[in-house]
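# Coordinate inspection notes
Below are the chains, spelled out letter by letter.
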Amino acid sequence: MFTFQEFTDFVQSLTPTIRETVGKYIGRVHVDYKADDSPVTLADKEIERYIVSQIEARFPEGVIVGEESGTHPASATANGGNDGQLIEWIVDPIDGTKSFIHGVPLFATLIGVMVDGEPVYGTIYNPLLDDLIVGDNHVALWNGVATRMRPCDSLKQATLLTTDILDVDKHRNIHDFMALAGQCRILRTWGDAYGYCLLATGRADIMVDPIMSRWDLAALIPVIRGAGGAITDYYGGNPATGDSIVACGKSLHDEVIACLNK
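If you're wondering where the values come from, they're calculated on a predicted model, not measured in any experiment.

Another aspect to go through is the environment of His-253. Within the secondary structure layout, His-253 lies in helix H9 (residues 250-260). Expressed as a C-alpha distance, the spacing of His-253 and Asn-137, which sit 116 residues apart in the sequence, is 17 Å.

Spatially, the 8 strands line up as an open sheet ordered E4-E3-E5-E6-E7-E8-E9-E10, and their pairing is mixed. A strand with exactly one partner marks an edge of an open sheet, and here the two such strands are strand E4 (70-73) and strand E10 (145-146). Examined bridge by bridge, strand E3 (residues 63-66) and E4 share 4 bridges and lie antiparallel to one another. Within E4, the position partnered with Gly-66 by the bridge is Gly-70.

Summarising the element assignment, Thr-41 is placed in strand E2 (residues 39-41). Of the residues examined, Thr-41 reaches a relative accessible area of 1% and is grouped as buried. Sequence-wise, Thr-41 and Tyr-125 are 84 residues apart; in three dimensions their C-alpha atoms are separated by 18 Å. In contact with Thr-41, not counting residues within four places along its chain, are Val-29, His-30, Val-31, Thr-97, Phe-100 and Ile-101. A distance of 3.2 Å separates a polar atom in the side chain of Thr-41 from the backbone nitrogen of Ala-43.

All chains considered together, the criterion is met by 11 aromatic pairs. Centre to centre, the rings of Phe-7 and Trp-89 are 6.0 Å apart; their planes meet at 35°, and the pair counts as tilted. Remark: Trp-89 occurs in strand E5 (residues 87-95) and Phe-7 occurs in helix H1 (residues 4-25); sequence separation between them is 82 residues. Taken individually, Phe-7 and Trp-89 each receive the classification buried, so the pair is uniform in this respect.

This brings us to the pairing of strand E15 (residues 245-249). Taken residue by residue, a regular strand's side chains alternate between the two faces of the sheet. Burial within E15 is extensive, with 5 of its 5 residues counted as buried. Bridge count between strand E13 (residues 206-209) and E15: 4 bridges; the pairing is antiparallel. Bridge assignment links Ile-206 to a residue of E15, and that residue is Cys-248. Sheet topology note: the strand E14 (residues 229-232)/E15 ladder contains 4 bridges and is antiparallel.

In this section: the pairing of E5. Counting buried residues in E5 gives 9 out of 9 residues, a clear majority hidden from the surface. In terms of strand pairing, E3 meets E5 through 4 bridges, oriented parallel. For Gly-66, the partnering residue across the bridge sits in E5 and is Val-91. Both E5 and strand E6 (residues 108-115) contribute to a ladder of 7 bridges, which runs antiparallel.

On to the nonpolar core, then. Within the largest apolar cluster, 34 residues are counted, with the highest numbers of intra-cluster contacts made by Phe-2, Phe-7, Ile-51, Ile-55, Trp-89 and Phe-100. Only H1, helix H2 (42-58), E5, helix H3 (97-101), E6, strand E7 (118-126) and strand E8 (131-135) provide two or more residues apiece to this core. With 8 residues, H1 is the single largest residue contributor to this core. Leave out the neighbours within four places in its chain, and Trp-89 touches Phe-2, Phe-7, Phe-10, Ile-55, Phe-59, Val-63, Ile-64, Val-65, Ile-111, Gly-112 and Val-113. In terms of nonpolar packing, the next biggest core, distinct from the first, is built from 33 residues, Ile-133, Ala-204, Ala-219 and Ile-224 among them.

Cut-offs applied
Residues numbered from 1 in each chain as written. Predicted model: local features only at pLDDT ≥ 70, side-chain atom pairs only at ≥ 80, totals over all residues. Heavy atoms only, no water. Helix = DSSP H or I, 4+ residues; strand = E, 2+ residues; numbered from the N terminus. Pairing = 2+ DSSP bridges. Buried < 20%, exposed > 50% of the residue type's maximum accessible area, 1.4 Å probe, protein only. Contact = heavy atoms within 4.5 Å. Polar contact = N/O pair within 3.5 Å; in protein donor to acceptor, adjacent residues only side chain to side chain. Phe/Tyr/Trp six-rings, centres within 6.5 Å; stacked < 30°, edge-to-face > 60°. Core = buried A, V, L, I, M, F, W, Y, C linked by side-chain atoms within 4.5 Å.

As structure tokens, this is what we get:
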């Protein structure tokens, strides 16, 4: 199994090409829609192909799970790590495609590494801001410098974020969510991966996403934990096997979960 430093160096090496590709397409790219009516662009596909090719060249022992390309081994003979562990690379080339196609910089590339089903490394890279955050469940680094969530012990002081309030209404109990929002100081839809950047760098306090896919959440877990936060699914369960995310400071987490599930 490779080290956190090797992972960090690897994702750092990807950033120039990701940034260049985003700059080529942002705000002026043709948009297609998938079966679930979510948008996808040439940039999503091009960035994912590039990341996959680099993983295949550098870490051929793993399995790659891409949002656009599905699941496949990193090499023709790969079936896990050198010690029998199942190593999975989870790739979301552009998390926040709706922001991307409108030229709004609230999107990021997500790359997570899971070993035997548990997230061990993750990165959130915002190419327009050239912000790279990496985490390993113990530490989070923002452009190479350790970062932590800010102290917040009261909902009255908290900034609450979500990606789309309509998704809360569609998938969870909107009344409980709005009751939580009513107790917080600020509610904003600075969402998708950017919301987790704000949490991990001490600029917001609570992030609630009522529906998530595996490629949306795998990279976020080691980053939020590494920044000192708590991260679970909507009901307080294991986020790695869930379909939603609630992330915030540890002192608030139980209260937030209780509010969302009255």
